[in-house]
Amino acid sequence: MHELVASHITFAYASGPPILVDVNAQVACGKLLALVGPNGAGKSTLLRVMCGLMRPQRGKVEFDGASLFSLSSLERARRVAFLPQAVNPTFSLSVFEVVCLGRYPHVGALRTMRQKDHDVVLRCLQETRCDALRARDFSELSGGERQRVLIAAILAQEPDILLLDEPTSLLDLHHQIEVFSLLKRLTREGYGVAVVTHDLNTAARFCDHMLLLSSSVHGVKAEGTPSEVLQESILSEVYETEVKVCPHPITGTPLVTVLDAERYP
Amino acid sequence: MTSRITLGRIALLVLISAGIVLVSLWIGAESLRWEQIQAEWRSGKPITQCPALSILINQRIPRTLAALLAGGTLALVGCAFQALLRNPLATPYTLGVAGAGAFGAFAATVLMEGAAARIGIVGISGVQLAAFLCALLDMAAIYAMAARHPRMSPAVLLLTGVTLGMLANAGILFLRYLAKPNMLVVMDRWLMGGVDVIGYRDIKTLAVGTIPCALVLLLQAAKLDQIGFDVELAAGRGINVRRLQAVTFIVGSLATAIVVSTVGPIGFVGLIVPHSVRALTGSRHRLLMPISLFAGGVFLCMCDIIARKTFVGETPIGIITALFGGPFFLYLLTKRRFVDWEG
């Protein structure tokens, strides 16, 4: 049972104000964690610190008890995979090639792909239901297909933990749910997943644990199950607007809506 | 785009290339005859008394080697810079190396009034040395600018390089304005590039300088795939992006500076060869880079043959690469989409 733990993280960009102060977070295999909060609350920063892309000024990030920064960068990439919010390829590649790029932490700069690497790529394509797309040009895919292919590509790193920055922000309703169900399925298969998202309602339906970040406290304002975190008083304060929460008519998970302050005073 | 290359196609390309190289050895102002060379070879006379053999050995072979080395290097650096700057318009000259080199060569020509061509260190002429030093200066300036930013941004590299290139061009115009009319001819000829006045000493400079650079760049192929796809994703996969950018930029510029200072700023090879080869191999650099290296050399060799034979006397090769490469490239552009240009 693998686990990625960030403890007492303090982070500020060079010569900027602190973004995170004394923040704790943990991603465990088999669990889906959602990082939510207003813009500028430090969700994406925390995610980048947790995957070792940025070093915190204080605090540590540990994978199974060993500091993430003591691992070589390739070892790190074989344990923790990161998917940034917007991926812009310069040159056109086929879907198959895009997923092959994910083998880099195993293949390295000089070796070529072996049979085993090909098998992993094919398995990842199957797992994300992208087999039919494999010969297509990546840039010609729809938003939902692209996101599935990118998830296949980070799965090809054979990591234990997946960290995704707003994987559904550019998708329509149907594809948002498709991506979250895929992530949920992956957690059931044993991956640990953390997702930054603005979509509180979908996160509430799928995630096991939620961290609500706020810039007012430079860190975690509330933490727990979705129904513990998504409460009117907390959300109204953090988002600085009138928020109503009611149970979802079918799933029973919290459903968050914002009231227009002018029309419903 | 996936690879469309097959063994058959590779064999065909190798055959055509071998043919071009052979033609390049044979064709020129003096056409060589095989029987004459054989006869001279068998005669055992000193080479100064064998006209055909001496043309082959002292002119055609170094000239062909120079075209292969220079063209190959320019095409390879073009591939590397297109990935580094994430821009299909990037060439080895985008970062101002050629402009700075030309400025150096001009400055040496004007200041020393031709003496620079004769004086020199370890067999490298003053003009060549000045071109190389100015190109290095351009590189150092860009690197200093880029290093001021927390992340070496392709946009900053690009803007700095283009600006320095413009500065160098203004400097060149100013020097032309100051120069005496008889110097202008020499200067303009340099600007057009050429592999025609190359001897073995220049070949040695070219080879010693460019071959190690080419090897280093080829070793970055898998990493260039990654940053060409997405920089942050590459970092997440364990690539030290900053180091990769620094190595590619420094080694690529160094190789370009060596080529420019030896054969002049021959244009276009670094742009059209990588794109044309990409149509054949796809965008994976492990295939794209070695084949571009090869194709760039053969392309410049072919341009040099045309330069020798098309018009009266010798046409500067820089004119030929653009005059013949340009329309071919435009034709390719109508045939397929090269790059997916989204952001």
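Everything in this summary refers to the structure shown in the same document. Just so we're clear, the structure is a prediction, and the values are computed from it rather than from any experiment.

1. Things to note about the environment of B:Gly161
Residues and elements named next belong to chain B. By secondary structure assignment, the location of Gly161 is in helix H7 (residues 154-178). Given the relative accessible area of 0%, Gly161 is considered buried. A sequence separation of 18 residues divides Gly161 from Tyr143, and the C-alpha atoms of the two residues are 9.8 Å apart.

2. What to know about the interface of chain A and chain B
Taken residue by residue, the interface counts 40 residues in chain A and 33 residues in chain B. On inspection of chain A and its partner chain B, the count reaches one salt bridge. Between A:Arg48 and B:Glu232 there is a salt bridge; the shortest N-O distance is 2.4 Å. Summed over the shared surface of chain A and chain B, the result is twelve residue pairs in polar contact (both at pLDDT 80 or more). Of all the elements in the fold, those that place two or more residues in the side of chain A that touches chain B are helix H2 (73-79), strand E6 (80-83), helix H3 (95-101), helix H4 (104-107) and helix H6 (143-155) of chain A. The class makeup of the residues in the side of chain A that touches chain B is 23 nonpolar, ten polar and seven charged.

3. Remarks on the sheet that holds strand E5 (residues 66-67) of chain A
All names here are of chain A. Read from one edge of the open sheet, four strands run E2-E1-E4-E5, paired in antiparallel fashion. Of all the strands in the sheet, just strand E2 (18-28) and E5 have a single pairing partner and so form its edges. In terms of strand pairing, strand E4 (residues 58-63) meets E5 through two bridges, oriented antiparallel. Across the sheet, the residue bridging to Glu62 is Ser67, located in E5.

4. Section: the side chain of B:Thr315
One can find B:Thr315 in the loop between helix H14 (285-309) and helix H15 (317-335). Those residues in contact with B:Thr315, other than ones at most four positions away along the chain, are B:Ala307 and B:Ile320.

5. Here we look at the nonpolar core
Nonpolar side chains in soluble globular proteins tend to be buried together. Counting residues in each nonpolar core, the largest one holds 86 residues, and the members touching the most others are B:Trp190, B:Val269 and B:Met289. If one sorts the elements of this core by residue count, helix H3 (residues 51-84) of chain B sits on top with 13 residues. The residues touching B:Val269, leaving out its near neighbours within four places in the chain, are B:Gly71, B:Leu74, B:Ala75, B:Pro274, B:Gly296, B:Phe299, B:Leu300 and B:Thr321. Of all hydrophobic cores here, the second largest spans 57 residues; its members include A:Ala34, A:Val87, A:Leu155 and A:Val195.

6. Some thoughts on the packing of H3(B) against H14(B)
All names here are of chain B. At their nearest, the axes of H3 and H14 sit 7 Å apart, and the two run at 140 degrees to each other. Between H3 and H14, the interaxial angle falls into the category oblique. The two elements H3 and H14 meet at a crossing, and its hand is right-handed. Residue composition of the contact of H3 with H14, grouped by class: 14 nonpolar, eight polar and four charged.

Calculation rules
- Residues numbered from 1 in each chain as written.
- Chains lettered and ligands numbered in written order.
- Predicted model: local features only at pLDDT ≥ 70, side-chain atom pairs only at ≥ 80, totals over all residues.
- Heavy atoms only, no water.
- Helix = DSSP H or I, 4+ residues; strand = E, 2+ residues; numbered from the N terminus.
- Buried < 20%, exposed > 50% of the residue type's maximum accessible area, 1.4 Å probe, protein only.
- Contact = heavy atoms within 4.5 Å.
- Salt bridge = Lys/Arg side-chain N within 4 Å of Asp/Glu carboxyl O.
- Polar contact = N/O pair within 3.5 Å; in protein donor to acceptor, adjacent residues only side chain to side chain.
- Nonpolar A, V, L, I, M, F, W, Y, C, P; charged D, E, K, R; others polar.
- Pairing = 2+ DSSP bridges.
- Core = buried A, V, L, I, M, F, W, Y, C linked by side-chain atoms within 4.5 Å.
- Axes fitted to C-alpha atoms, helices over the stretch in contact; angles between N-to-C directions.
- Parallel < 35°, antiparallel > 145°, perpendicular 65-115°, else oblique.
- Left-handed = near helix turned anticlockwise from the far one by under 90°.

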